[in-house]
Amino acid sequence: MTAYTESLSTKTIQRWALTLSYDGSRFYGWQKQADGLPTVQTVLESALSQIAGETIRTIVAGRTDTGVHATAQVVHFDTSVIRPEQAWVRGVNAYLPEGVAVLFAQQVAPNFHARFDAYGRRYRYLLESSPVRSPILQGRVGWTHLKLDPEKMQQAALLLEGEHDFSSFRAAECQAKSPVKTLYSAKISGTPQFLKLDLHGNAFLHHMVRNIMGALVYVGSGRLSVSGFQDLIEERSRLKAPPTFMPDGLYLTGVDYPPEFGIIRPEMPAWL
């Protein structure tokens, strides 16, 4: 037991869950880094500690990489101080830098765990296809100069649904115990100039969504056939897969929890 845990064990502890939104282009990912680079975890824990008057540590539903955004990230933390709900929203937001905000705060059961109780995660990837990349959308959407066929991309995306070994879409540094995950749905929508990829699954491997997006761009541009995409899944090898796509257009849009916890999951923003 750490000294922090020992100090908490002598007091009445509350567990709180927060729903966050952030612009990933402003941070070096979620996780705190030893070299002091600005990360979402670092600035959030600093703001929480200011309001609590004690050191606060957070547990996140899913870590995001540099450049990856979130509209509905979930964290939990424990505290020995009593604060009203708005202190954890407006109060914390007053100490946060631009690019990140607490949307909701709710006191939760002491056994709630932001990561381990999540049974589903939702991601959206926005992709612009145009000869010249829009400077206004840079950092907000992915981009390719290639012309894309959304119908072929959707045919390939449907092959991802169900339980699969996703090793072909797994980063070399991925620390997941198993590459086997379940995708509940995979959908391409939008227009050839502005596409949306929506993925809903029980869990995701490191760079999995970006690697899937990269492969689907190959399909949409004709560099990879739909049957070739199926072969890629079955190969279970990153060595023959297309390159990892840019993080710019990737958004964590929701985390699913059992209803008994009552975790708020906001609707998809209209602008997204």
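Residues numbered from 1 in each chain as written. Predicted model: local features only at pLDDT ≥ 70, side-chain atom pairs only at ≥ 80, totals over all residues. Heavy atoms only, no water.

The name an unreviewed UniProt entry gives the chain is tRNA pseudouridine synthase A, with Neisseria macacae ATCC 33926 as the organism. Of the comments in the UniProt record for the chain, the one headed Sequence similarities (unreviewed entry) reads "Belongs to the tRNA pseudouridine synthase TruA family." Among the UniProt annotations of the chain, the heading Catalytic activity (unreviewed entry) holds the following wording: "uridine(38/39/40) in tRNA = pseudouridine(38/39/40) in tRNA". (UniProt positions renumbered as here; feature names shortened; annotations may be inferred.)

**Comments concerning the UniProt feature "active site" (unreviewed entry) in the chain**
Mapped onto this numbering, the UniProt entry annotates "active site" (unreviewed entry) at Asp 65. Structurally, Asp 65 is set in the loop between β2 (58-60) and β3 (69-79). Exposure remark for Asp 65: the relative accessible area of 25% places this residue in the partly exposed category. Apart from residues lying up to four places away in sequence, Asp 65 is in contact with Gly 29, His 206, His 207 and Arg 210. (Helix = DSSP H or I, 4+ residues; strand = E, 2+ residues; numbered from the N terminus. Buried < 20%, exposed > 50% of the residue type's maximum accessible area, 1.4 Å probe, protein only. Contact = heavy atoms within 4.5 Å.)

**Looking at the packing of helix α5 (residues 208-220) against helix α6 (residues 226-235)**
For the pair α5 and α6, interaxial distance at closest approach is 9 Å and the crossing angle is 155°. Classed by the angle they form, the pair α5 and α6 counts as roughly antiparallel. For the crossing formed where α5 meets α6, the hand is right-handed. In contact with Ala 215, Leu 216 and Val 219 of α5, α6 contributes Val 226, Phe 229 and Leu 232. Here the residues of the contact of α5 with α6 sort into 6 nonpolar, no polar and no charged. (Axes fitted to C-alpha atoms, helices over the stretch in contact; angles between N-to-C directions. Parallel < 35°, antiparallel > 145°, perpendicular 65-115°, else oblique. Left-handed = near helix turned anticlockwise from the far one by under 90°. Nonpolar A, V, L, I, M, F, W, Y, C, P; charged D, E, K, R; others polar.)

**Brief notes about the pairing of β3**
With 11 of its 11 residues buried, β3 lies for the most part within the structure. Two elements, strand β1 (residues 14-22) and β3, share 8 bridges in a ladder whose sense is antiparallel. Bridge pairing in β3 places Leu 18 opposite Val 75. (Pairing = 2+ DSSP bridges.)

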